[in-house]
Amino acid sequence: MHSTAPGFVYTEAHSSVSLTIAESSADFHHISGHHQRDVQEFHHLVPRLIRNETVSHEPYLPCPILAVQVTEFPQCGISIGISFRQVAADGRTFDNFLKSWASIFKMEPSLNKLLLSFTDKTVIQDPNGLGPLLLNQWWSLGNSQPETDNYDGADLRDMVRATFVVGQSDMEKLKQRILTQSRKIFGLGSGSMYLSPYVLTCAHIWVCLTKTRFSNVKTSLGKEPHYFGFIAGGITRLGYPVPNTYLGNCVSFGRSDVAGYELVGENGIVIAAKVIGETIEKLNGDVLGGAEDWISDWKELLGSELHVTVTGSPKVNLYGLDFGWGIPKK
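It should be emphasised that the depicted structure is a prediction, and the values quoted were computed from it without experimental measurement.

Criteria and cut-off values
- Residues numbered from 1 in each chain as written.
- Predicted model: local features only at pLDDT ≥ 70, side-chain atom pairs only at ≥ 80, totals over all residues.
- Heavy atoms only, no water.
- Pairing = 2+ DSSP bridges.
- Helix = DSSP H or I, 4+ residues; strand = E, 2+ residues; numbered from the N terminus.
- Axes fitted to C-alpha atoms, helices over the stretch in contact; angles between N-to-C directions.
- Contact = heavy atoms within 4.5 Å.
- Buried < 20%, exposed > 50% of the residue type's maximum accessible area, 1.4 Å probe, protein only.
- Core = buried A, V, L, I, M, F, W, Y, C linked by side-chain atoms within 4.5 Å.
- Phe/Tyr/Trp six-rings, centres within 6.5 Å; stacked < 30°, edge-to-face > 60°.
- Lys NZ or Arg CZ within 6 Å of the ring centre and 35° of its normal.

**Student:** Looking at this model, I keep getting lost on the sheet that holds strand 1 (residues 18–23). Mind explaining?
**Tutor:** Remark on secondary structure: sheet strands pair via backbone hydrogen bonds, oriented parallel or antiparallel. The 3 strands lie next to each other as 1-3-4, forming an open sheet whose pairing is mixed. Two strands in the sheet have a free side with no partner beyond their single neighbour: strand 1 and strand 4 (77–84). Taken over all neighbouring pairs, the strand axes of this sheet differ in orientation by 15° on average, direction set aside. With 8 bridges connecting them, strand 3 (residues 66–73) and strand 4 associate as antiparallel partners. Each bridged residue has a counterpart across the sheet, and for Phe73 the counterpart in strand 4 is Gly77. Those strands touched by helix 2 (residues 91–105) are strand 3 and strand 4, and its axis lies near 135° from that of strand 4.

Below you can see the structure in the form of structure tokens.
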């Protein structure tokens, strides 16, 4: 047990943001394309968060929050690589921070006032005392396993990145297919299924990945649960207003599970969409419901080989980020 609570501490001599300027000979168009590329082709574009061991005698072990790397591709463009610890901000609030940075860079005073970050953490209410409870669980988890920064220790062999663009017409066809099948399985009441674009995409990916992973399994998959984990934004689900410019972390954890044989069966995508949609609807109703079990649920998910996790949100509009050079290519 730690005797002091974690916090953000600024010291003039030691607090700073690491900025790296680099040049790459990689093919800019290859890197920014949609096709498959080796994941390791991207890592030289992302800075590392390196602890400052020279001041480790201080009460709080120095832990960098943010690092930035700007990489030039001669005659093509630049890459802005950012590493940040999500204890400081989640995807939505960090996106707001980036837009504020961009507006300052473009010298737009009117936007600066609107986008200036709001950092008062007391706006997030905790009437049930979840903070200390989760903190103690997190300390225990952190002390039981070594910390790794970035991709250190990860097995990256045979891993690729690729982009798949699903248009609105594709989404509608997928939705109608699920609704048609669900009426046959669950009856007319299935028309109330929660089928957002996020649910449709996640259900499709979950089923495809599972079928791909177990395509060579000679025996049929049994009743063992396959997990689907994701992070859901919490700020818009709290039930009380939080400033749009709030800079902090407020997310919840969603976990759905389906028996393996159902997931790869004829109606797998319907079952997958149903359980993911129900999990999101539960979070919509009570975003902190069951939060006392989040860490143990997360450990159970990661401890199973039968899991898929998703990060990021379609509601974070990074393509709206403009430093004055136009929107990002990728």
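**Student:** Is there a simple way to explain the side chain of Thr93 in this structure?
**Tutor:** Mapped onto the elements, Thr93 comes out in helix 2. Judged by its relative accessible area of 2%, Thr93 falls in the buried class. Contact partners of Thr93, with chain neighbours within four places excluded, come to Ile235, Tyr246, Leu247 and Gly248.

**Student:** Could you clarify how one ought to interpret the nonpolar core in this entry?
**Tutor:** Buried together is how nonpolar side chains tend to be arranged in soluble globular proteins. Judged by nonpolar contacts, the single largest core of 29 residues is most densely connected at Ile178, Leu195, Trp206, Phe228, Phe230 and Ile276. Sorting the residues of this core by element identifies helix 5 (168–186), helix 6 (197–213), strand 6 (225–233), helix 8 (268–285) and strand 8 (307–310) as the ones contributing at least two each. Sorting elements by how many residues they give to this core places helix 8 first, with 9 residues. For Ile178, the contacting residues outside a window of four places in its chain are Met193, Leu195, Leu200, Ile269, Val270 and Ala273.

**Student:** Mind showing me how you'd approach the packing of aromatic side chains here?
**Tutor:** Describing an aromatic ring pair means giving the distance of the ring centres and the angle of the ring planes. Per the stated rule, a full pass over the model turns up 9 aromatic pairs. Between Phe323 and Trp325, the aromatic rings sit 5.5 Å apart at their centres with planes inclined by 20°, giving stacked as the arrangement. Stacked on the ring of Phe186, the Lys or Arg Lys274 has its end atom at 5.2 Å from the ring centre.

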